[in-house]
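What follows is the residue order along each chain.
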Amino acid sequence: MNGFDIHSVIAILRQEVRQWQSPAVTIVSQREGDPFKVLISCILSLRTQDTTTSPASERLFALATTPDTMMLLSKDEIEAAIYPVGFYRNKAGQIIDICRQLVADYDGKVPEEIDQLLMFKGVGRKTANLVVTLGYGKPGICVDTHVHRICNRWGYIATRTPDETEKVLRQCLPSEYWLGINDLLVTFGQNLCRPLSPYCSRCRIAVSCKKLGVSSFR
DNA sequence: AAAACGGGGGC
DNA sequence: GCCCCAGTTTT
């Protein structure tokens, strides 16, 4: 990597982030401390934009906010509430299944361990880590596509899959950065380092960026 | 009109 | 590893 070490980059981003709006982080922050809401929000957000997920989750949580009450909703009710998130039919079924499983096997409480969370259908490493960090405030590294893209763009690491990125970050990233790294990079990713046409001319770490796979810059 | 977008499951 | 999943947004 040229130019900045990771401490410098994080320090710079922390300064920059203060002046930006961050819709996704706001949605996520609203769920903070409620592992069940974090979990359900994550399911809804799979392969769908956050601007779509947010109102859908509001509609669903208006109907039920706990596994025992949510499992009583009909599939149609849930589908109607969460439309038009992607895969809304599958997700409605998954949500009911997860609620039933939580009530039957975990006394209605979302488990705190990654390995237990991964047993649920529809829960992968991103979701599991988000529940652990955001829901329970425990150490973890949540790698979504923002984190994956940005880490690879600016050259800190070179990985092919988000799971691999998480593994590398667990080895290389000082633990004091773990809890905040997702919020920080997602905010950066939405405001400047966007997937398409990022605002590289305004980016203070662009000098050490590989700009992978990006065709248009401003 | 066509490509890009975002996680996980199943094989 | 590779392909599929649905609906919205960007080019």
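Thresholds applied
Residues numbered from 1 in each chain as written. Chains lettered and ligands numbered in written order. Predicted model: local features only at pLDDT ≥ 70, side-chain atom pairs only at ≥ 80, totals over all residues. Heavy atoms only, no water. UniProt positions renumbered as here; feature names shortened; annotations may be inferred. Near = heavy atom within 4 Å. Polar contact = N/O pair within 3.5 Å; in protein donor to acceptor, adjacent residues only side chain to side chain. Nonpolar A, V, L, I, M, F, W, Y, C, P; charged D, E, K, R; others polar. Salt bridge = Lys/Arg side-chain N within 4 Å of Asp/Glu carboxyl O. Helix = DSSP H or I, 4+ residues; strand = E, 2+ residues; numbered from the N terminus. Buried < 20%, exposed > 50% of the residue type's maximum accessible area, 1.4 Å probe, protein only. Contact = heavy atoms within 4.5 Å. Domains from an automatic or database assignment. Buried area = accessible area lost by both parts, 1.4 Å probe. Axes fitted to C-alpha atoms, helices over the stretch in contact; angles between N-to-C directions. Parallel < 35°, antiparallel > 145°, perpendicular 65-115°, else oblique. Left-handed = near helix turned anticlockwise from the far one by under 90°.

An unreviewed UniProt entry lists chain A under the name Endonuclease III, with Geoanaerobacter pelophilus given as the organism. Per its UniProt entry, chain A bears the Sequence similarities (unreviewed entry) comment "Belongs to the Nth/MutY family."

Trainee: So what exactly am I meant to see when it comes to the protein's contact with DNA strand C here?
Mentor: Taken together, the residues surrounding DNA strand C are Arg-47, Pro-84, Val-85, Phe-87, Tyr-88, Arg-89, Leu-196 and Ser-197. The sugar-phosphate share of atoms of DNA strand C within 4 Å of the protein amounts to 59%. In the environment of DNA strand C, a sugar or linking oxygen lies 3.4 Å from a nitrogen or oxygen atom belonging to the backbone of Pro-84. One of the side-chain N or O atoms of Arg-89 is found 3.4 Å from a phosphate oxygen in DNA strand C. When the residues that make up the surface near DNA strand C are grouped by side-chain class, the tally is five nonpolar, one polar and two charged.

Trainee: Before we go on, may I ask you to explain the pattern of salt bridges in this structure?
Mentor: When charged atoms on two side chains of opposite charge get close, those side chains can pair. Within this structure, the stated rule accounts for nine salt bridges. Among the ionic pairs, Glu-58 bridges to Arg-31, the shortest N-O distance being 3.3 Å. Of this pair, Glu-58 sits in helix α4 (residues 50–63) while Arg-31 sits in the loop between α2 (23–30) and α3 (35–45), and the two are 27 residues apart along the sequence. On the basis of relative accessibility, which here comes to 5%, the residue Arg-31 falls in the buried class. A cluster of three or more residues bridged by salt bridges with shared partners is formed by Lys-109, Glu-112, Glu-113 and Lys-138.

Trainee: Looking at this structure, I do not really get the environment of Asn-129. What am I missing?
Mentor: By the element assignment, Asn-129 lies in helix α9 (residues 125–136). Separated by 20 residues in the primary sequence, Asn-129 and Arg-149 have C-alpha atoms spaced 18 Å apart. The residues contacting Asn-129, other than those within four sequence positions of it, are Ile-114, Gly-140, Ile-141, Cys-142, Glu-166 and Arg-170.

Trainee: Any chance you could explain the domain arrangement of chain A here in plain terms?
Mentor: In many reports, interface size means the accessible area that the parts give up when they come together. Split into domains, chain A comes out as domain 1 (6–20 + 141–208) and domain 2 (34–136). Residue-level contacts link nine residues of domain 1 with five residues of domain 2. Summed over both sides, the interface of domain 1 with domain 2 buries roughly 620 Å², with 58% coming from carbon and sulfur. Interface area lost by domain 1 to domain 2 is led by Cys-142, Glu-166 and Leu-179, which between them contribute 50%. Between Glu-166 and Arg-125 there is a salt bridge, and its shortest N-O distance comes to 2.7 Å. Applying the counting rule to domain 1 against domain 2 returns four residue pairs in polar contact (both at pLDDT 80 or more). Counting residues per element, the ones that place at least two in the side of domain 1 that touches domain 2 are α11 (162–172) and α12 (178–191).

Trainee: For this particular structure, what's the right way to read the UniProt feature "domain: HhH-GPD" (unreviewed entry) in chain A?
Mentor: As recorded in UniProt, the feature "domain: HhH-GPD" (unreviewed entry) lies at residues 44–191. Taken end to end, residues 44–191 comprises 66% helix and 0% strand; its first and last C-alpha atoms sit 22 Å apart.

Trainee: Where do I start with the packing of helix α6 (residues 75–82) against helix α7 (residues 88–106) in this structure?
Mentor: When two helices pack together, their arrangement is captured by the angle between the axes and the distance separating the axes. For the pair α6 and α7, interaxial distance at closest approach is 9 Å and the crossing angle is 125°. Taken together, α6 and α7 sit at an angle that is classed as oblique. Helix-helix and strand crossings are classified by hand; for α6 and α7 the assignment is right-handed. Contacts between α6 and α7 involve Lys-75, Ile-78, Glu-79 and Ile-82 from the first element and Tyr-88, Arg-89, Lys-91, Ala-92, Gly-93, Ile-95 and Ile-96 from the second.

Trainee: What am I meant to see in the protein's contact with DNA strand B here?
Mentor: Taken together, 16 residues surround DNA strand B, and among them Arg-47, Gly-122, Gly-124, Thr-127 and Leu-196 come closest. Each atom of DNA strand B within 4 Å of the protein was assigned to sugar, phosphate or base; sugar and phosphate come to 63%. In this structure, Gly-122 approaches DNA strand B through a main-chain N or O atom, which is 2.4 Å from a phosphate oxygen. In the model, a phosphate oxygen of DNA strand B is placed 3.2 Å from a nitrogen or oxygen of the Thr-145 side chain. At the level of secondary structure, the elements contributing two or more residues to the surface near DNA strand B comprise α9 and α10 (145–153). Element by element, the count of residues in the surface near DNA strand B is highest for α9, at three residues. Split into classes, the residues belonging to the surface near DNA strand B amount to five nonpolar, five polar and six charged.

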